[in-house]
Amino acid sequence: MKRKLSIILTLAMVMGTFAGCAGKTSGTSSQSGGKASGTIKIAVAGPMTGDNAEYGKGFVNAANMMVEQWNAKDGVLGKKIEVVPYDDKNSGEEAASIAQKIVSDKDIIGVIGHFASGVSMAAAPTYQENKVIEISPSASHPDYSGMGTYIFRNNTVINVEAAAGLDMAINDLGKKNIGIISIKTDWGTSTSAIVKKLVTEKASTGVKVVAHEEVMEGSDDYSPAITKLNAAGADVVICVGMYNLVAPVSKQYKQVNPNIAVVGFSNAYSQQLLDLGGKAVEGLRFPVIFFSGSENPKVKTYVDEYKKRFGSTPSALTSQAYDSVGILLEAIKTAGTTDRAKVRDAVAAIKYDGVTGNTVFNEKRDVQKSFVKVTVKDGKFVEIK
Amino acid sequence: MSGILTRNCVATVIIQQLFNGLALGMAYALIAVGYSLVFGILRLINFSHGAVYAFSAHIALLFVGLNFGIIPAIILSIVLTGILGVLIDKTALEPLRMNNSIPMASLITTIGMSNIIQNLLMIFFNTERKSFPAFFDFGMIKFGSVQVNSTQVVMFVVSLILLVFLTLIINKTKLGLAMRATEQNSKAASLMGINTNFVISATFFLGGASAAIAGVLISGYYQIVYPGMGFMVGLKAFAAAVLGGIGVLYGSVVGGLVVGVSESYAATFMGSSYRDSVAFIILILVLIIRPTGLFGKKDIKKV
Amino acid sequence: MDKNLEKGKSKNFILILESFIEKYKVPIAGVSALILLGLPFMGFSQYIMRIFIMIGIYSMLALGLNILTGYTGLVSLGHAGFYAIGAYTASLLSLKLGANFLVAAIGGAVLAAICGLLVSLPTLRLKGTYLSIVTLGFGEIVKMILINWDKVTNGTLGLKNIPRPSMFGLKLTLVNNGMYYLMLVLVALITLLCTLLIKSKIGRAFMSIKEDELAAIMMGIKTTRYKALAFVISAFITGITGAFYASMIGFIEPNSFTFDISTLIISIVIFGGMGTIRGMFLGSAILIAFPEVFRFLMDYRFVVYGLVLVLMMRFRPQGMLGWKSQMPYKLPKLVKESLKKNNKDNLKTQQI
């Protein structure tokens, strides 16, 4: 009996699986058939599960907030706007598969995402082939926006940010012996290479990289790398990583050398940096394009609203996602149509004044933004004037 | 290398890296003991152990957050994680033993269990890195130019106590006798009136509890907790357990220290991105020379 | 007594199922071949077609591992390593030397096979769990090499713009379903290879090693040689699959080949029923389609996935399609004829 039951169960599962597949297809085809459904969809793709889920969820929160504001004013082109979240688990393979799914839904005008550069680049060819606009609020790999005319980024390219970070280390802090700790990911590798190149260009002023250590994701012990940097005589450490690298490195480094100065990057800018780093991140400096403590009334209302709804201050990347949605909707409004080619042209020509400053795409579909220098003082982020 | 390090620094770096490696190795050893306990009795690689370790750290964090105080939080974490170990055995593994399933079925079951625990942690505690209170941080202890963190010392001492305690349980108590009997021949042991299922569950409890001790100590050292924390550490601790001779407790400690120190030196001389696989390279070399690990016993057949 | 009765009944159930399949073997094979060939014309979206291709890829991976685990009884926890070697070698051959897909794929498979041979060398001394551990280490070491050998593998940035295969002047893509048909051809070839292999002397040697290695040695089978061969063949198939995967996805990085992939492959093999070929297809169809179909569960889908694995091992550890054949043993023609003759003779003698 047991055996029979298990076979029947098995068969039922198989049927269920295929029925599920079939059900999905009919669903999508009916959607594409009913184009005049009266809603405009915007996909938000990013890691919703897995190790980087906090970023993907931040994107969705930001997108929902922006869309609700528009919907309160009767949407765009008289249609309601809908946010559709997609989970790519921050893996290129998943992202490519999701991209296929997104492009088969004709109501989707554009995609906000993906999170990591490598993942965004795995998905980009599909969007380009099917003429769907992709705006990544976080990809910073120099090659990303070169993947196609529909591929935009609302994040500064690494070069600009690296120069800003280096400027803080050399000119503001007056340090000359630079140590680099970078995370061994596509982003970390290319960023640290750029930092190194910028330092060699300034070699005449006596600035040099004394040591560079690449560390792996998923190990929390950085003491061997720190010992090396310390022995090499670094007096400032440029820490190329997210908050989850910057906080423990600062902590472990300050146990060895309490006088070390640490410079980070804008994606270290998050509430968790303070929670994790505690006293060790005091004095940490980094450049950001979005600062939640800003006096700007527009930023203030946005930050207050976000805090009220989601219980935390929005990070820089989340805010860029917020603006990206705004840009896409504004472009649809300007284009006066949902024709993707026309919306694309409108995005390319847009001048958008959002919470992360003025956004204008250049001919490479990248943005130029001005940086605010931020430091940690008494457990709070403070702007350096 | 010489370009980066001046000559008088080299000696300091080498000694400092040795201490870094020993501290890291002690962390591996603490986790490795859990693999070793279960493997010793069931000849099973318990892939859920890394997730159990992450679970213990989250539970401790939860109770600290609920203002239970640090010591009660640790004790609760140890007890609850031990119970989780028993639950894994009772719900998933014991039925397989009753059915006389193939050994690989148990292996897949532990992989499935690891999936369940880790993803539930992600749902209930979110994926972001959370700050964990430094339990035993009394500052740095200096030996000349070499510095040792007090938490490292605490980890070292606690691991030794745990090891002695477990060895005493196995060698001096009735339970330990039953464990050894079950390990050698579970059928014969049950014929002799030993409740082997109880013995195995007790082993899982000890395994879970040791994972909790490891979880609390290591999280207290790095002050970081997140659901994926057990994965890489778990694999390396497992390598350490096999290296020392899986099923032999002091072997786990030696294996853990070897892995920790070699990782630390690999980071020094080859670069930090090489360190993750050093454990496996050493493991393979040792297994080729001594197929059962450094202190391993012979005659292991099951998968 | 009841239990026995039920056992008999369920045996009958399987017997009926199996004899049904046996009886209508040709039409069933024909219909399923037609369905598979006609799939692209049924109006599925590209997304669904992509899932079908992924199912094909994992069927090939499972078939490869099945030779090692299902038939020879050696458990590999590092097949992602062979998969990566195949994918990277083929991609580099086509990116740097402009080799066409066939050459690149064979190159990748051969290198994977050579690595398979290297990994199998410790098996001369290691048994059971320890062998699995070596393969686990192998997978991690391959990943480390991919990450650190920047000059060749481009490190963590991965390889981009891997060319799609082109055949007879036609570029195969997802849109023109060329990749789908190429997948079908590969799956068919590998299935054929596995079937022939298992029915051959080599296959019988593999199975004898799994059943009882000591007995196999007693029978004069050079087990170490056959174990190494199993590794080589398994790695070869996995390598080819890697090459196909790389050209389909167009972008590979070291993180595409993690320990999770190794466990997924082994889960498919056991889920479908190890030591069967049919099981590999069903196993990959379910385990690959599962996360896609259950996307609506969001956070919970991998909890459910784990639960399915656990329940499966609890209630059907031999895998979904893993049952021993209940069919009467097929006798060769000569034997049958002589039996008939004997029967007739017997009848005659009785009549007399």
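Residues numbered from 1 in each chain as written. Chains lettered and ligands numbered in written order. Predicted model: local features only at pLDDT ≥ 70, side-chain atom pairs only at ≥ 80, totals over all residues. Heavy atoms only, no water.

## Some points on the overall build of chain B
Within chain B, the secondary structure is distributed over 11 helices and four strands. Relative to the 2.2 N^0.38 estimate, which gives 19 Å for 303 residues, the radius of gyration of chain B is 20 Å and therefore close to what a compact globule would have. Considered along the principal axes of its C-alpha atoms, chain B spans approximately 65 × 50 × 35 Å. The burial tally for chain B puts 63% of its 303 residues in the buried class. For chain B, restricting intrachain contacts to residue pairs at least 6 apart in sequence, the fraction spanning at least 24 positions comes to 76%. Total accessible area computed for chain B in this model is approximately 11600 Å², and 69% of it derives from carbon and sulfur atoms. (Helix = DSSP H or I, 4+ residues; strand = E, 2+ residues; numbered from the N terminus. Rg over C-alpha atoms; globule rule 2.2 N^0.38 Å. Buried < 20%, exposed > 50% of the residue type's maximum accessible area, 1.4 Å probe, protein only. Contact = heavy atoms within 4.5 Å. Areas by Shrake-Rupley, 256 points an atom, 1.4 Å probe, with all protein chains shown as cover.)

## Re a nonpolar patch on the surface
All names here are of chain B. Judged by side-chain polarity, I70, I71, I75, V79, L80, I83, L87 and F205 come together as a nonpolar surface patch covering roughly 650 Å² of accessible area. The element contributing the most residues to the nonpolar patch is helix α3 (residues 70-98), with seven residues. With respect to the secondary-structure elements, I75 resides in helix α3. (Patch = residues over 30% accessible without salt bridge, like charges linked within 9 Å, V, L, I, M, F, W, Y side chains within 5 Å. Salt bridge = Lys/Arg side-chain N within 4 Å of Asp/Glu carboxyl O.)

## What to know about the sheet that holds strand β2 (residues 80-87) of chain A
All names here are of chain A. Pairing is parallel in the open sheet, where five strands are placed in the order β2-β1-β3-β4-β5. The outermost strands of the open sheet, each flanked by one partner alone, are β2 and β5 (151-153). Pairs of neighbouring strands in the sheet enclose a mean axial angle of 25°, with direction left out of account. For strand β1 (residues 39-46) and β2, the ladder comprises eight bridges, and the chain directions are parallel. Directly across from A45, in β2, lies its bridge partner Y86. Most of the contacts of helix α11 (residues 316-335) go to strand β3 (residues 108-112), to which it runs at about 160°, and overall it touches β1, β2, β3 and β4 (133-136). The strands touched by helix α12 (residues 340-348) are β3, β4 and β5; relative to β4, the strand with the most contacts, the crossing angle is about 35°. (Pairing = 2+ DSSP bridges. Axes fitted to C-alpha atoms, helices over the stretch in contact; angles between N-to-C directions.)

## What about helix α4 (residues 117-129) of chain A?
It helps to recall that an α-helix has 3.6 residues per turn; residues three or four apart then point in one direction. Residue and element names in this part refer to chain A. Over its 13 residues, α4 runs 19 Å from end to end, which matches the ideal 18 Å to within 8%, given 1.5 Å per residue. Largest kink in α4: about 35°, centred on A123, with the proline P125 one to four residues after it. Taken across its 13 residues, α4 has 10 buried, putting it largely inside the fold. By the burial criterion, the buried members of α4 are S117, G118, V119, S120, M121, A122, A123, A124, T126 and Y127. On its buried face, α4 sits against α3 (92-103), β3, β4, β5 and α6 (186-201). (Expected span 1.5 Å × (residues − 1). Bend = angle between axes of the 7 residues up to and from the residue.)

## Some remarks on the interface of chain B and chain C
At the junction of the two partners, chain B supplies 45 residues and chain C supplies 37 residues. Summing the contributions of chain B and of chain C, the shared interface buries around 3700 Å²; its carbon and sulfur component is 79%. Summed over the three residues of chain B that lose the most area to chain C, namely B:M104, B:I108 and B:I123, the buried surface amounts to 15% of that side. The tally of links between chain B and chain C comes to zero residue pairs in polar contact (both at pLDDT 80 or more). For the side of chain B that touches chain C, the elements supplying multiple residues, two or more each, are α3, α4 (103-125), α9 (230-244) and α11 (275-289) of chain B. Residue contributions to the side of chain B that touches chain C peak at 14 residues, all from α4(B). Partitioned by chemical class, the residues of the side of chain B that touches chain C number 34 nonpolar, nine polar and two charged. (Buried area = accessible area lost by both parts, 1.4 Å probe. Polar contact = N/O pair within 3.5 Å; in protein donor to acceptor, adjacent residues only side chain to side chain. Nonpolar A, V, L, I, M, F, W, Y, C, P; charged D, E, K, R; others polar.)

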